[in-house]
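Per-entry structural report
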Amino acid sequence: MARQHRVVDRIVEQLAGTGVDYIFGVDGANIEDLYDAAHFQSGITAILAKHEFSAATMADGYSRSGAGLGVVAATSGGGALNLVAGLGESLASRVPVLALVGQAATSMDGRGSFQDTSGRNGALNAEALFAAVSVFCRRVLTPADIVSALPDAIAAARAGGPAVLLLPKDVQQGLVRVDGYIRRLGREIDPAGPLLGDPHPILQALRRANGPVTIIAGEQVARDDAREELEALRFLLRARIACVPDAKDVAGTPGFGSSSALGVTGVIGHPGVGEAVAASSLCLVVGTRLGVMARAGLEDALAMAPTISIGSAPPYLPCTHVHTDNLRVSLSALTRALSGKGRPRGLRVPDMVSSTELRPPAFTGPGVRYRDAMIALDRALPAGVDIVVDAGNTGAAAVHHLRVRRGGRFAVALGMGGMGYSFGAGIGMAFGRVRSARAKRTVVIAGDGAFFMHGMEIHTAVHYRLPITFVLFNNNAHAMCVTREQLFYDDLYSYNRFAPSFLGAGCAAMFPGLSSVDVTDPEELPAALARAMAVEGPSVVSVVCAADEIPPFAPFLTQRPTKHGLDDEISTPKENPTDVPARA
């Protein structure tokens, strides 16, 4: 029987029908009707963040966890504008996110109303603004428009990237006719099926290869959840495999092809990747465009080895590329075609797989060294733990040194590199674990600069009693900027050092009952981490380190610092001679 209900009721009912469990956001006058609808929809829980940027990163982290589509909601004006940086990260990293953004009523468009973003009569144009940070943006102008706008937005987001619906207040409250039922939107990317290119060029290149094959895997492998399919192909090809920094968890986790894992590519990567690529008969790039952060140091090696690519977008370097919107389907098809009589005959297994590290100069100042802290973390974190890493020196050390946990995710925001991303994203991942009934913790690794930007989201973790451990590296500075001042500007000044703070004690005083400590001695760190991991809800460990220590970041390792106790000579990236046998 035909009935009518509000646009917001239709939105939350259809989101629940797609499997969406949470809407992350900050309430306000021009989005409150959506929160009202969520209250009466048993399948949806609205999660209150402290800031819209973090709400957007919660949706981003939830999506990266593999739990489903991340959804964020914000009110008009400044609340809407606060979404831009978070959605920019999701766009650059092609993370599926749906943003529901409130606007003033259409009757006030262009009339000087509070928070008018209609674009009319000199008002800020929200549609133009959000179109620049999304793969889909539509301003819904009548209640009936939601019938097509919502499924179109969901489909666009699932193809990779944020989709935005701009919802004026009167449209949200408007009635929409429902003829007996609401069509449930399935989980498919496109009702017509994913677009899959002809794999023949890749099959032909692999069958002609005479020697070892190296695979470079990227973020689309995670987005399409094609980890198992990638490993099946790698095993068939007897290939070595490396990952771009923001896809560290797509291959080479312990017990899952790890003995053939070369590590991470690019500026915070492992030098052995370039050597492996240069010695390959063929390099297969899977699900990544190989941006500068991911390909730095590999250009010469990639020029030496024939390179082919498969994914939703071609790499930035010239190569043969095959398009696919679904790596699970395409990689499975490649494996089948290359099995049996179609198996390549000229492939060779490399004799050894080099385990390599960047080697920053020694530093003997106060505090805990980055590498020592990562070793302690590596020993403390059990299987199944998700790891979310923030930008900066801390992030470089974590990506370079810290291993992915078997069965866990490893997320880092290198699309835009927005500081403070990890706090919201870690919370989003933790809610993703709640949905999937996985009981392990989420670990957020961030610096004090990131904490000062968005660390108050720790309160959100406290409020919802989430199993998250925040490991804060406190060097009382924007340390990567300090390093740049030292290396590139003669260390004549610093704008980037902070007044001293004790983050652990501060959080403990601010949030009663929160387990939160400061650690200054490296020998105390293992026990502090063990206690933090054992608590039922959230916990904080603040690790005192030094802003003058240089992280494993390749562009810094060819420069000569001038002061502050750093070694006079800084070596270029060198290999650790430790080798491990390759696995067929």
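Computed from a prediction, not measured in an experiment: that's the story for all the values here.

1. Thoughts on the packing of aromatic side chains
Using the criterion set out here, one finds 13 aromatic pairs in the structure. The structure contains a cluster of three or more aromatic residues connected by ring pairs, namely Tyr22, Phe24, Tyr62, Phe431 and Tyr464. Here the basic side chain of lysine 248 rests over the ring of phenylalanine 410, its NZ or CZ set 4.8 Å away from the ring centre. The cationic tip of arginine 289 hangs over the ring face of tyrosine 316; the distance from NZ or CZ to the ring centre is 4.2 Å.

2. Some thoughts on the nonpolar core
Core analysis: the largest hydrophobic core is formed by 53 residues, its most contacted members being Phe130, Ile458 and Phe470. Element by element, the count of residues in this core is highest for helix H18 (residues 421–436), at seven residues. Other than its neighbours up to four places away in sequence, phenylalanine 130 contacts Ala80, Leu83, Val84, Leu87, Val101, Cys137, Val164 and Leu166.

3. Observations regarding unusual backbone geometry
For leucine 290, which is not a glycine, the phi torsion comes out positive at approximately 55°. Among the secondary structure elements, leucine 290 is positioned in the loop between strand S12 (282–286) and helix H13 (292–295). For arginine 465, which is not glycine, the phi torsion reads 55° and is therefore positive.

4. Quick word on the sheet that holds strand S14 (residues 320–323)
The strand order S11-S10-S9-S12-S13-S14 describes an open sheet built from six strands, whose pairing is parallel. The open sheet terminates on both sides in strands that have one partner only, identified here as strand S11 (261–264) and S14. For this sheet, the mean inter-axis angle between neighbouring strands, taken without regard to orientation, is 20°. Pairing of S12 with strand S13 (residues 307–311) involves four bridges; the strand directions are parallel. Note that in S13 the partner of valine 285 across the bridge is serine 309. Docked against the sheet, helix H15 (residues 327–337) engages S12 and S13, running at close to 135° with respect to S13.

5. A word on the pairing of strand S18 (residues 442–447)
Burial of S18 is extensive: six of the six residues sit out of reach of the surface. Alternating residues of S18 divide into Thr442, Val444 and Ala446 and Val443, Ile445 and Gly447, and every residue in both groups is buried. Across four bridges, the pairing between strand S16 (residues 386–389) and S18 is parallel. Counterpart to aspartate 386 in the pairing with S18 is threonine 442. Of the strand pairs in this sheet, S18 and strand S19 (residues 468–474) are connected by six bridges, and their pairing is parallel. Within S19, the residue paired with alanine 446 across the bridge is leucine 472.

6. Description of the sheet that holds strand S2 (residues 22–25)
Spatially, S3-S2-S4-S5-S7-S6 is the arrangement adopted by the six strands of the open sheet, whose pairing is parallel. Single-partner strands in this sheet number two, and they are strand S3 (45–48) and strand S6 (136–139). Recorded for the sheet is a direction-independent mean angle of 20° between the axes of neighbouring strands. As defined by bridge partners, S2 adjoins S3 across four bridges and the pair is classed as parallel. If you follow isoleucine 23 over to S3, its bridge partner there is alanine 46. Along the sheet face, helix H5 (residues 84–92) touches strand S5 (97–103) and strand S7 (162–168) and points at about 145° away from the line of S7.

7. Observations regarding the side chain of lysine 169
Structurally, the position occupied by lysine 169 is in helix H8 (residues 169–173). Residue contacts for lysine 169: discarding those within four places in its chain leaves Ala29, Asn30, Glu32, Asp33, Gln103, Ala104 and Ala105.

8. Quick word on a nonpolar patch on the surface
A contiguous nonpolar patch, built from Phe488, Tyr489, Leu492, Tyr493 and Tyr495 and spanning about 610 Å² of accessible area, is present on the exposed surface. Within the secondary structure, tyrosine 495 sits in the loop between helix H21 (479–488) and helix H22 (503–510).

9. Thoughts on the packing of helix H1 (residues 7–18) against helix H2 (residues 32–39)
For the pair H1 and H2, the least separation of the axes is 9 Å and the interaxial angle reads 55°. By the angle between their axes, H1 is oblique relative to H2. By crossing handedness, the relation of H1 to H2 is classed as right-handed. Each of Val8, Asp9, Ile11 and Val12 in H1 lies in contact with H2, whose residues at this interface are Asp33, Leu34, Ala37 and Ala38.

10. Digging into the pattern of salt bridges
Inspection of the entire model under this criterion finds 18 salt bridges. Beyond isolated ion pairs, a larger network of salt bridges with shared partners links Arg6, Asp9 and Asp36.

11. A closer look at the environment of arginine 158
As for its placement among the helices and strands, arginine 158 is situated in helix H7 (residues 146–158). A relative accessible area of 13% places arginine 158 in the buried class. Each C-alpha atom of the pair arginine 158 and proline 96 lies 5.2 Å from the other, and the pair is 62 residues apart in sequence.

Cut-offs applied
- Residues numbered from 1 in each chain as written.
- Predicted model: local features only at pLDDT ≥ 70, side-chain atom pairs only at ≥ 80, totals over all residues.
- Heavy atoms only, no water.
- Phe/Tyr/Trp six-rings, centres within 6.5 Å; stacked < 30°, edge-to-face > 60°.
- Lys NZ or Arg CZ within 6 Å of the ring centre and 35° of its normal.
- Core = buried A, V, L, I, M, F, W, Y, C linked by side-chain atoms within 4.5 Å.
- Buried < 20%, exposed > 50% of the residue type's maximum accessible area, 1.4 Å probe, protein only.
- Helix = DSSP H or I, 4+ residues; strand = E, 2+ residues; numbered from the N terminus.
- Contact = heavy atoms within 4.5 Å.
- Pairing = 2+ DSSP bridges.
- Axes fitted to C-alpha atoms, helices over the stretch in contact; angles between N-to-C directions.
- Patch = residues over 30% accessible without salt bridge, like charges linked within 9 Å, V, L, I, M, F, W, Y side chains within 5 Å.
- Areas by Shrake-Rupley, 256 points an atom, 1.4 Å probe, with all protein chains shown as cover.
- Salt bridge = Lys/Arg side-chain N within 4 Å of Asp/Glu carboxyl O.
- Parallel < 35°, antiparallel > 145°, perpendicular 65-115°, else oblique.
- Left-handed = near helix turned anticlockwise from the far one by under 90°.

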